[in-house]
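Now for the letters of each chain:
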Amino acid sequence: MRPDPDATYTVYRTSTPPSLNGRLDHEAWQRAPRSPRFVDMATGQPALLDTQAAALWDDTHLYVGFWIEEPYPEAHLTERDSIIFTENDVEVFIDGGDCYYELEVNARNTVYEVLFVWRDAFTRGSRFDTPEFDVHSRQAFTFAGDFDRNPESFWHGTHPRGPRWAFLDWDLPGMRSAVHVDGTLNDREHPSRGWTIEIAFPWSGMTHLANGRSVPPQDGDEWRLFFGRFQKLAVGERTVQAAWCWTPHDLYDTHMPERFTPVRFSTENA
């Protein structure tokens, strides 16, 4: 069954912080409601390999966990901010209204982070008109999100808001992640079960993403988060890269904050 794009996920509190060992064996994770099986980003059809995600929160952090089925887990990139999506990875985006954050992590726990600021919000006197977002001193690039090279969208991209600034050297302060491989990494001789990952996002680092909301959130506050996975699949002599996620986008484009999964924070414990 195709997931309902408007279905809201409830993020419950945890009274004790998860151990952040990558195993997702903390009691709170056993109680947190998991997502449905991830689906193809464009078609909404069930993904070939199972992926599920869940989230928790407390006064200091937002926690996200992924359970990833992968019989031959593979990851080679080890340098921080490598283009992780060219390999197999999981991804979390956080919508901040006039900006949004992207995190990618592979099974080696190699991290890639970017903060995007919409160009129409990047004006003189705005909250982004500060030394922190000086495009002349940062590793900043214009990004339109368009790869089809059509003349109509070559400069402005396909999103209605148009292009944005991408700050490749911006890191969410205090973000931590841990990975556990249930099997052997980069081993085509012996099948594995897959891998799990645990991520902690400090609320203190989300000032720009809060968009006027309380951090930590209040009971009933709503945000939008993207939970996704990119996976290379061998098909005969060709290799294709599948894009799977919690909530389908109806096309292969992760950079659509309005399509991210809506989440509602509850002060009730998991």
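In this text the structure is predicted, and so the values were computed from the model without any measurement. Numbering of residues begins from 1 in every chain and follows the order in which that chain's sequence is written. Confidence filtering applies because this is a predicted model: local features only for residues at pLDDT of at least 70, side-chain atom pairs given and counted only at 80 or more, and all residues used for totals across whole chains, interfaces and linings. Where side-chain values are given, they derive from all heavy atoms of the structure, hydrogens and water being excluded.

**Structural notes on the overall build of the protein**
Helix numbering and strand numbering both begin at the N terminus, where a helix is a DSSP run of H or I of at least 4 residues and a strand a DSSP run of E of at least 2. Check the secondary structure of the protein and you find one helix and 14 strands. For the protein, the C-alpha radius of gyration of 18 Å lies close to 18 Å, the compact-globule estimate for 270 residues. Expressed along its principal axes, the backbone C-alpha trace of the protein runs to roughly 55 × 50 × 40 Å. Whether two residues are in contact is decided by their heavy atoms: any pair within 4.5 Å suffices. If you take every contact in the protein between residues at least 6 apart in sequence, the share linking residues at least 24 apart comes to 67%. In these tables, accessible area is a Shrake-Rupley quantity obtained with a 1.4 Å probe, and a residue counts as shielded only by the protein chains included in the view. In the form shown here, the protein has an accessible surface area of approximately 12900 Å², with 49% of it arising from carbon and sulfur atoms. The convention is simple: Lys and Arg are positive, Asp and Glu are negative, and His and the chain ends are not counted. By convention, charge coordinates are those of NZ in Lys, CZ in Arg, CG in Asp, or CD in Glu. Positive and negative side-chain charges of the protein, numbering 25 and 42 respectively, have mean locations separated by a distance of 1 Å. As defined in this context, the radius of gyration uses C-alpha atoms, and a globule is described by 2.2 Å times the residue total to the power 0.38.

**A closer look at the side chain of glutamine 52**
Along the chain, glutamine 52 falls in strand S3 (residues 51-57). Pairing of N or O atoms within 3.5 Å defines a polar contact, subject to two protein rules: one partner must be a possible hydrogen donor and the other a possible acceptor, and residues neighboring in sequence count only if both atoms are side-chain atoms. At 2.9 Å, the side chain of glutamine 52 forms a polar contact with the backbone oxygen of serine 35. Beyond its immediate chain neighbours, meaning those up to four positions away, glutamine 52 contacts Arg34, Ser35, Pro36, Arg37, Phe38, Gly65, Phe66 and Trp67.

**Examining the pattern of salt bridges**
When a carboxyl oxygen of Asp or Glu is within 4 Å of a side-chain nitrogen of Lys or Arg, the pair counts as a salt bridge. In total, this model carries 12 salt bridges according to the counting rule given. Among the ionic pairs, arginine 138 bridges to aspartate 169, the shortest N-O distance being 3.1 Å. Of this pair, arginine 138 sits in the loop between strand S7 (111-118) and strand S8 (140-143) while aspartate 169 sits in the loop between strand S9 (164-167) and strand S10 (176-182), and the two are 31 residues apart along the sequence. Because the salt bridges share partners, they merge into one network encompassing Arg80, Glu113 and Asp171.

**Quick word on the nonpolar core**
Of all hydrophobic cores here, the largest spans 59 residues; its most connected members are Leu62, Phe66, Tyr101 and Phe201. By residue number, the principal contributor to this core is strand S4 (residues 61-69), which donates six residues. Aside from chain neighbours lying at most four places away, what touches leucine 62 is Val11, Ala55, Leu56, Trp57, Ile199, Ala200, Phe201, Trp203, Met206, Leu225 and Phe265. Here, nonpolar core means buried Ala, Val, Leu, Ile, Met, Phe, Trp, Tyr and Cys residues that are tied together by side-chain atoms lying within 4.5 Å of each other. Only protein chains enter the accessibility calculation, which uses a 1.4 Å probe; a residue whose area is less than 20% of its type maximum is buried, one above 50% is exposed, and one in between is partly exposed. Listed in part, the 15 residues of the second largest apolar core include Met41, Phe116, Phe143 and Phe260.

**Looking at the environment of glutamate 102**
Take glutamate 102: it is sitting in strand S6 (residues 99-105). Along the chain, glutamate 102 and threonine 78 lie 24 residues apart, while their C-alpha atoms are 18 Å from each other. If sequence neighbours within four positions are ignored, glutamate 102 has contacts with Glu91, Val92, Phe93, Tyr112, Glu113, Val114, Phe116 and His255.

**Notes on unusual backbone geometry**
Of the consecutive residues valine 215 and proline 216, the connecting peptide bond is found in the cis state with omega at 0 degrees. Within the secondary structure layout, proline 216 lies in the loop between strand S11 (194-202) and strand S12 (222-235). The backbone phi angle of asparagine 109 is positive, close to 65 degrees, even though this residue is not glycine. Residue class for asparagine 109 comes out partly exposed when judged on its relative accessible area of 27%. Positive phi values are uncommon outside glycine, yet asparagine 211 reaches one of about 55 degrees. With respect to the secondary-structure elements, asparagine 211 resides in the loop between S11 and S12. The class of asparagine 211 is partly exposed, set by a relative accessible area of 41%.

**A word on the packing of aromatic side chains**
Each aromatic pair joins two rings of Phe, Tyr and Trp (for Trp, the six-membered one) with centres within 6.5 Å, and gets the label stacked for planes under 30 degrees apart, edge-to-face for over 60, and tilted for any other angle. Inspection of the entire model under this criterion finds 24 aromatic pairs. Arranged with centres 5.9 Å apart and planes meeting at 85 degrees, the rings of tryptophan 57 and phenylalanine 265 form a pair that is edge-to-face. Taken together, the positions of tryptophan 57 in strand S3 and phenylalanine 265 in strand S14 (residues 261-269) put the pair 208 residues apart, joining distant regions of the chain. Overall, the relative accessible area of 1% leaves phenylalanine 265 in the buried class. Taking 5.2 Å as the distance between ring centres and 50 degrees as the angle between the ring planes, the aromatic pair formed by phenylalanine 116 and phenylalanine 143 counts as tilted. Of this pair, phenylalanine 116 sits in strand S7 while phenylalanine 143 sits in strand S8, placing them 27 residues apart in sequence. Residue phenylalanine 116 is classed as buried on the basis of its relative accessible area of 3%. Three or more aromatic residues joined by ring pairs make a cluster, and in this case those are Phe93, Tyr100, Phe116, Trp118, Phe143, Phe226 and Phe260. The lysine or arginine in question, arginine 13, covers the ring of tryptophan 57, its NZ or CZ lying 4.8 Å from the ring centre. We call a charge positioned over a ring when the NZ of a Lys or the CZ of an Arg lies within 6 Å of the ring centre and within 35 degrees of the ring normal. One Lys or Arg, arginine 213, reaches over the ring of tryptophan 223 and ends 3.8 Å from the middle of that ring.

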